[in-house]
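Notes for the structure review
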Amino acid sequence: MRKLIILGGLYAALSGFVLLRSGSHTPIQYVHAEGTEAAPASGSAAEWFQAMKPYCNSVEVQTRHQWNPPPASLEGNGYSAACYALAGKIDRARSLVLDVAPADRWRAAGIVFGAGHSIADAGDDLSAGPIMELVVEFWPNHYMALYHAGMARYMLGEHDLAVPHLKAFLEEYSADDGWRSNALAVLREIE
């Protein structure tokens, strides 16, 4: 049996094919190593993203997208942009949002927000900051993206960039809670 597995692996390597597994429930796919296009992921864009998420890092994101491209849809672009944003490739994420029809870019940015929000809410505004800045670029009154982008700028000592975000957050968000009191406290400290 071991010889058979080794021979199968050798055959795959010699024939120029790579065996991929994008998720535990996803069937194994063969993708040509020289870069011919793979078939788009079956199922929804959200399912594609869940299978892809472990590879949304700076080392693997590009290759995995080539091997397993997202569905060709607004949601596919949004989740692809989210994956690139999580990998720290904000310029690529921006270009994917820009590929969406202008009237729908805020929706794609909302998908990006959904992927990055858990990072910010876990307390890592610094890491989530560039993602939130991207969201604000396409959805300027997204109050939580404004808050996290402002806090990230504050943590970086970029107070002149933090203030507009935090003031815009306060204009959009009126609940009397920790988010609002935190933004007010930071603005008082800056001023």
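Quick note: structure is the one above.
Let me begin by describing the structure that accompanies this report. (Residues numbered from 1 in each chain as written. Predicted model: local features only at pLDDT ≥ 70, side-chain atom pairs only at ≥ 80, totals over all residues. Heavy atoms only, no water.)

**As for the pattern of salt bridges**
Going by this rule: Salt bridges are identified by distance alone: a Lys or Arg side-chain nitrogen within 4 Å of an Asp or Glu carboxyl oxygen. Elements are defined by DSSP. Helices are runs of H or I of four residues or more, strands are runs of E of two residues or more, and each kind is numbered from the N terminus. Only protein chains enter the accessibility calculation, which uses a 1.4 Å probe; a residue is then buried when its area is under 20% of its type maximum, exposed when over 50%, and partly exposed in between.
Evaluated as defined, the whole model comprises 7 salt bridges. Here Glu-191 and Lys-167 are joined by a salt bridge, their closest N and O atoms 3.8 Å apart. Of this pair, Glu-191 sits in the segment after α10 (178–190) while Lys-167 sits in helix α9 (residues 159–172), placing them 24 residues apart in sequence. Residue classification places Lys-167 among the partly exposed residues on the basis of a relative accessible area of 41%. One salt-bridge network, held together by shared partners, links Glu-75, Asp-104 and Arg-107.

**Examining the environment of Glu-137**
Inclusion rule: Any pair of nitrogen or oxygen atoms within 3.5 Å is treated as a polar contact; in protein, a donor-acceptor pairing is required on top of that, and neighbouring residues in sequence qualify only through side-chain atoms on both sides.
Within the fold, Glu-137 resides in helix α7 (residues 125–138). Judged by its relative accessible area of 40%, Glu-137 falls in the partly exposed class. The sequence separation of Glu-137 and Trp-106 amounts to 31 residues, and the corresponding C-alpha distance is 8.9 Å. At 2.9 Å, the side chain of Glu-137 forms a polar contact with the side chain of Arg-94.

**A few points about the state of the cysteines**
To keep it simple, the criterion reads: Only a pair of cysteine sulfur atoms within 2.5 Å counts as a disulfide in this structure description.
In this structure the tally under the stated criterion is 1 disulfide. Two residues, Cys-56 and Cys-83, share a disulfide whose sulfurs are 2.0 Å apart. Residues Cys-56 and Cys-83 are joined by a disulfide whose S-S torsion is about -110 degrees; by sign, that bridge is left-handed. Of the two residues, Cys-56 sits in the loop between α2 (45–52) and α3 (61–67) while Cys-83 sits in helix α4 (residues 74–86), which places them 27 residues apart along the sequence. Exposure remark for Cys-56: the relative accessible area of 9% places this residue in the buried category.

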